[in-house]
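In case you want the letters, here they are:
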Amino acid sequence: MSIQKILIPFDFSEASINALEYATVFVGPTRNIELQALYVSAMPITEGQEKTLKLDFGQVVKSFNAKIKTPPSFSTVTGNLIESVLEWHNTNGSDLILMGTMGDKVTDEAITNTSRLVLEANCPVISVPFGTPIREPKDIALVMGREEIDDKEVLKTLLDVARTFDSRVHALTIYRESVYAEESIVDSTENLLEYYLEHFYEEHAFSKNQDVEEGILEYINKKNIDLLAILPRNHTQMSTPSEGRLTKLLTLHSEIPVLTLD
């Protein structure tokens, strides 16, 4: 697996504990991947407080009874949550950020933090909703829009995950009007998906729904999808950037982890 470091914002909340447990399953007992838990405090913490936090963190990890090759590290910083996480990522070179979320059970501020991190991070991010089944992603749905993917590098992480877990990747396009118009638009991406995703590419499904988010969530339930992959930024030179509304909605409402490819 080319992912060597995973950064996990951690504050001892239910959502962050759930995300950390998901990360231990994601890493597994044999993969040499470093898990970096980062505690961001708004106020400076004393040496004694930091020591207590590390002891408490160790107890949390121990409670998982997870077998992993390298124990998770725990670090503390002072500052704004999003800025601190992104700065840590840039400084320490993490390959993936994995963040817990309470979904629509949280306050507006927490929703904004999750959405901002997903949209601002210049690396793949997995948003893990609280209550999601802690299991390996065997079926992955990749949401495809109208645009061609010019930046093929974003698919490398998806291929990496599919190889690791021997996953099936289902491409999904939700159309509002004519399925034939949508098919003609995405036909050019078919060969690209087959080439970059190798034999893990399963199918390209089309579903009609005026509400794109609703159509995606229905497909997740129908196909028992374990991981939803989306392109939150504009990866094409032929269209204007999206404001990220769909990404925010899926991060908020999805009951399974959401992998944003960047």
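About the thresholds
- Residues numbered from 1 in each chain as written.
- Predicted model: local features only at pLDDT ≥ 70, side-chain atom pairs only at ≥ 80, totals over all residues.
- Heavy atoms only, no water.
- Helix = DSSP H or I, 4+ residues; strand = E, 2+ residues; numbered from the N terminus.
- Buried < 20%, exposed > 50% of the residue type's maximum accessible area, 1.4 Å probe, protein only.
- Contact = heavy atoms within 4.5 Å.
- Areas by Shrake-Rupley, 256 points an atom, 1.4 Å probe, with all protein chains shown as cover.
- Phe/Tyr/Trp six-rings, centres within 6.5 Å; stacked < 30°, edge-to-face > 60°.
- Pairing = 2+ DSSP bridges.
- Axes fitted to C-alpha atoms, helices over the stretch in contact; angles between N-to-C directions.
- pLDDT = per-residue confidence, 0-100.
- Parallel < 35°, antiparallel > 145°, perpendicular 65-115°, else oblique.
- Left-handed = near helix turned anticlockwise from the far one by under 90°.
- Salt bridge = Lys/Arg side-chain N within 4 Å of Asp/Glu carboxyl O.

> Lay out the overall build of the chain with the relevant residues and their values.
For the chain, the count of helices and strands is eight helices and 10 strands. The proportion of buried residues among the 262 residues of the chain is 50%. For the chain, long-range pairs separated by at least 24 residues make up 84% of all intrachain contacts whose partners lie at least 6 apart in sequence. Here the chain displays about 12900 Å² of accessible surface, and carbon together with sulfur accounts for 47% of that area.

> Please provide a residue-by-residue account of the packing of aromatic side chains, values included.
The tally for this structure, following the rule as stated, stands at nine aromatic pairs. Three or more aromatic residues joined by ring pairs form one cluster here, namely Phe10, Phe12, Tyr39, Phe57 and Phe74.

> Help me get a handle on the sheet that holds strand E6 (residues 139-143), residues and values and all.
Read across the open sheet, the 10 strands follow the order E3-E2-E1-E4-E5-E10-E9-E6-E7-E8; overall the sheet is mixed. A single partner strand is all that each edge strand has here, and the edge strands are strand E3 (73-78) and strand E8 (201-208). Each neighbouring strand pair of the sheet contributes to a mean axis angle of 25°, computed without reference to strand direction. Where E6 and strand E9 (residues 227-230) come together, three bridges link them in parallel fashion. Note that in E9 the partner of Ala141 across the bridge is Leu228. Running over the sheet, helix H1 (residues 14-27) touches strand E1 (5-9), strand E2 (34-41), strand E4 (96-101), strand E5 (125-129) and E9 and is turned about 140° from E4. Against the sheet, helix H2 (residues 47-63) touches E2 and E3, its axis set at about 145° to E3.

> A description of the confidence of the model for the chain should follow, citing residues and the corresponding values.
Looking at the chain as a whole, its pLDDT mean stands at 85, while 84% of the residues score no less than 70. The low-confidence segment residues 234-241, where pLDDT is below 50, has 15 contacts with residues more than four positions distant or belonging to other chains.

> Could you give me a rundown of the packing of helix H7 (residues 212-223) against helix H8 (residues 245-253), with the residues and numbers involved?
Running from amino to carboxyl end, H7 crosses H8 at an angle of 40°, the nearest separation of the two axes being 10 Å. When the axis of H7 is compared with that of H8, the two are oblique. Crossing angle aside, the handedness with which H7 passes H8 is right-handed. Counted together, Val212, Glu213, Ile216 and Leu217 of H7 and Leu246, Leu249, Leu250 and His253 of H8 form the full contact between these two elements.

> Pulling in residues and values, what's your account of the pattern of salt bridges?
Tallying each qualifying case throughout the model produces six salt bridges. Arg135 is the partner of Asp226 in a salt bridge, and the nearest nitrogen-oxygen pair spans 2.9 Å. Of this pair, Asp226 sits in the loop between H7 and E9 while Arg135 sits in the loop between E5 and E6, and the two are 91 residues apart along the sequence. Accessibility expressed as a relative area gives 11% for Asp226, which makes it buried. Classification of Arg135 as partly exposed rests on a relative accessible area of 39%. With its nearest N and O atoms 3.7 Å apart, the salt bridge here joins Lys223 to Glu203. Here the residue Lys223 occupies a position in helix H7, and Glu203 occupies one in strand E8, the gap between them amounting to 20 residues.

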